[in-house]
Amino acid sequence: MGEKSRELMDLMIRKGYPEEFAYLIAMEMRTDYTAGRMIGYLAGAGYPRMEDVADEMLAIKSDVERFAKKHMSEYAQAKINDFYRNRNE
């Protein structure tokens, strides 16, 4: 578990969430970026219900996945463009 994930777990426990729940959320927020986003959510949202925290976790993971797919698609398109540009040389 990374430093930000530990920070997230500690924050959740301090806010009164069950340790097991905090651990599961922290383990799903594997990168500093995702853990940081969840920390920001919890800092600004007060004391959301566990269901809302889980929904936010899923939304963050979905955003990251969509971002990765977008970049993979852009990379593939650039390679295709290079291929067509250079095949007549």
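From a predicted model like this one, the values you see are computed outputs, not experimental measurements. (Residues numbered from 1 in each chain as written. Predicted model: local features only at pLDDT ≥ 70, side-chain atom pairs only at ≥ 80, totals over all residues. Heavy atoms only, no water.)

### A few points about the overall build of the chain
Part 1 of the reasoning: Within the chain one finds 4 helices and 0 strands.
Part 2 of the reasoning: What you see in the chain, going N to C, is helices and strands ordered as α-α-α-α.
Part 3 of the reasoning: Its C-alpha radius of gyration of 19 Å places the chain more than 25% over the 12 Å reference for a compact globule of 89 residues.
Part 4 of the reasoning: The principal-axis extent of the C-alpha atoms belonging to the chain is close to 65 × 25 × 20 Å.
Part 5 of the reasoning: Per-residue burial over the chain gives 24% buried out of 89 residues.
Part 6 of the reasoning: Sequence separation of 24 or more characterises 59% of the internal contacts of the chain that already satisfy a separation of 6 or more.
Part 7 of the reasoning: Here the chain has roughly 6400 Å² of accessible surface; of this, 54% comes from carbon and sulfur atoms.
Part 8 of the reasoning: Separation between the mean location of the 14 positive side-chain charges and that of the 16 negative ones in the chain comes to 6 Å. (Helix = DSSP H or I, 4+ residues; strand = E, 2+ residues; numbered from the N terminus. Rg over C-alpha atoms; globule rule 2.2 N^0.38 Å. Buried < 20%, exposed > 50% of the residue type's maximum accessible area, 1.4 Å probe, protein only. Contact = heavy atoms within 4.5 Å. Areas by Shrake-Rupley, 256 points an atom, 1.4 Å probe, with all protein chains shown as cover. Lys, Arg positive; Asp, Glu negative; His and termini not counted. Charge placed at Lys NZ, Arg CZ, Asp CG, Glu CD.)

### With respect to the nonpolar core
Part 1 of the reasoning: If you look at the biggest cluster of nonpolar residues, it comprises 17 residues, and the most contacted ones within it are Leu8, Met12, Ile25, Met29, Met38, Leu42 and Val53.
Part 2 of the reasoning: Those elements that place two or more of their residues in this core are helix 1 (3-14), helix 2 (19-28), helix 3 (32-45) and helix 4 (50-86).
Part 3 of the reasoning: Once you skip the residues sitting within four places of it in the chain, Val53 turns out to touch Met12, Tyr17, Phe21, Ile25, Met38, Tyr41, Leu42 and Pro48. (Core = buried A, V, L, I, M, F, W, Y, C linked by side-chain atoms within 4.5 Å.)

### Quick look at the environment of Glu56
Part 1 of the reasoning: Here Glu56 shows up in helix 4.
Part 2 of the reasoning: For Glu56, a relative accessible area of 22% gives the class partly exposed.
Part 3 of the reasoning: Taking C-alpha positions, Glu56 is 8.0 Å from Tyr41, a pair spaced 15 residues apart along the chain.
Part 4 of the reasoning: Setting aside residues no more than four positions away along its own chain, Glu56 makes contact with Met38 and Tyr41.

### Focus on the environment of Glu19
Part 1 of the reasoning: Mapped onto the elements, Glu19 comes out in helix 2.
Part 2 of the reasoning: Along the backbone, Glu19 and Gly46 are 27 residues apart, and their C-alpha atoms lie at a distance of 18 Å.
Part 3 of the reasoning: Sequence-distant contacts of Glu19, that is, excluding residues within four places in its chain, are made with Met9 and Ile13.

### Description of the packing of aromatic side chains
Part 1 of the reasoning: In total, this model carries 2 aromatic pairs according to the counting rule given.
Part 2 of the reasoning: With 6.0 Å between their ring centres and 40° between their planes, Tyr17 and Phe21 make a pair best called tilted.
Part 3 of the reasoning: Given the relative accessible area of 9%, Tyr17 is considered buried.
Part 4 of the reasoning: A relative accessible area of 13% means that Phe21 is categorised as buried.
Part 5 of the reasoning: Aromatic pair Phe83 and Tyr84: ring centres 5.4 Å apart, planes at 65°, arrangement edge-to-face.
Part 6 of the reasoning: Just above the ring of Tyr47 sits the side chain of Lys15; from NZ or CZ to the centre is 4.4 Å. (Phe/Tyr/Trp six-rings, centres within 6.5 Å; stacked < 30°, edge-to-face > 60°. Lys NZ or Arg CZ within 6 Å of the ring centre and 35° of its normal.)

### Some words on the side chain of Lys15
Part 1 of the reasoning: Turning to its location among the elements, Lys15 is positioned in the loop between helix 1 and helix 2.
Part 2 of the reasoning: Although Lys15 is buried, it makes no salt bridge; Glu7 carries the closest opposite charge, 12 Å away.
Part 3 of the reasoning: Here Leu42 takes part through its backbone oxygen, which lies 3.1 Å from a polar atom of the side chain of Lys15.
Part 4 of the reasoning: Once residues lying within four places of it in the same chain are set aside, the contact partners of Lys15 are Leu42, Gly46 and Tyr47. (Salt bridge = Lys/Arg side-chain N within 4 Å of Asp/Glu carboxyl O. Polar contact = N/O pair within 3.5 Å; in protein donor to acceptor, adjacent residues only side chain to side chain.)

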